[in-house]
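Results of the structural survey
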Amino acid sequence: SPRESAGASGEATVIQSRRGFSHGNVAFDKHVQFSEKYISTMQQGLTELFQKGPRGESLKFWSDLIDVRLSFRAWITEDLEDKVMPFEAALRKIGGSNIALEDLRPGEERTRVVDEMYRVFSDVLGLAHEGGVDEKIAPRKIISHLQDLLGVQQLSRLRSAVIQAAIDALERKA
């Protein structure tokens, strides 16, 4: 009968909606895991770079971040990858400069490589320098991209609205 068919169709829609919501929760959970792991790895690497300077383990730091990103590849968007990759490329550039310095004798070319390495190093640490900080690389910008992925600002506003609504309801009862 048409009524039974409509009921079955409505039930199928509800099941499909629940399944979509469940997948959305899984994706959000994966985004949280990725962001936490990426930021943790980033903080550890930045601490080491700050302590040891650009001659430190920038290629290991770069490799560790790539491992995190690739382990969540199915769950992160191309847009987010595009936003974190300049930071990773800067680490690779510092490491490449270190390798190049091993074969360069004192002179103009070595000075140029050292200057470039320290400029990129300053960008990675978010430190101001003569040319200004490259905002695509600055750690605070990477963290901001990850917060955008998670909707941290929206969740904070939502939390505030829920708390305010609860306070308003309590005040009306009083």
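Above this text sits the structure in question.
First, a word on scope: everything that follows refers to the structure included in this document.

Looking at the packing of aromatic side chains
Per the stated rule, a full pass over the model turns up four aromatic pairs. Between phenylalanine 34 and tyrosine 38, the aromatic rings sit 5.4 Å apart at their centres with planes inclined by 45 degrees, giving tilted as the arrangement. Linking phenylalanine 34 with tyrosine 38, this pair stays in helix H1 (residues 2–52), spanning four residues, or about one helical turn. Overall, phenylalanine 34 belongs to the buried group, its relative accessible area being 1%. What makes tyrosine 38 buried here is its relative accessible area of 0%. Centroid distance tyrosine 118 to phenylalanine 121: 6.1 Å. Interplanar angle 80 degrees. Geometry classified as edge-to-face. With tyrosine 118 and phenylalanine 121 both in helix H4 (residues 108–125), this residue pair falls three residues apart, about one helical turn. For tyrosine 118, a relative accessible area of 40% translates into the label partly exposed. Following the ring pairs from residue to residue traces out a cluster consisting of Phe34, Tyr38 and Phe72.

A few points about the packing of helix H3 (residues 78–103) against H4
Where H3 contacts H4, the axes come no closer than 9 Å and their chain directions differ by 150 degrees. One element, H3, and the other, H4, form an angle in the roughly antiparallel class. Crossing hand, H3 versus H4: left-handed. Contacts from Phe87, Ala90, Leu91, Lys93, Ile94, Ser97, Asn98 and Leu101 in H3 reach Arg110, Val113, Val114, Glu116, Met117, Val120, Phe121 and Val124 in H4. Among the residues forming the contact of H3 with H4, the class breakdown is eleven nonpolar, two polar and three charged.

About the cut-offs
Residues numbered from 1 in each chain as written. Predicted model: local features only at pLDDT ≥ 70, side-chain atom pairs only at ≥ 80, totals over all residues. Heavy atoms only, no water. Phe/Tyr/Trp six-rings, centres within 6.5 Å; stacked < 30°, edge-to-face > 60°. Helix = DSSP H or I, 4+ residues; strand = E, 2+ residues; numbered from the N terminus. Buried < 20%, exposed > 50% of the residue type's maximum accessible area, 1.4 Å probe, protein only. Axes fitted to C-alpha atoms, helices over the stretch in contact; angles between N-to-C directions. Parallel < 35°, antiparallel > 145°, perpendicular 65-115°, else oblique. Left-handed = near helix turned anticlockwise from the far one by under 90°. Contact = heavy atoms within 4.5 Å. Nonpolar A, V, L, I, M, F, W, Y, C, P; charged D, E, K, R; others polar.

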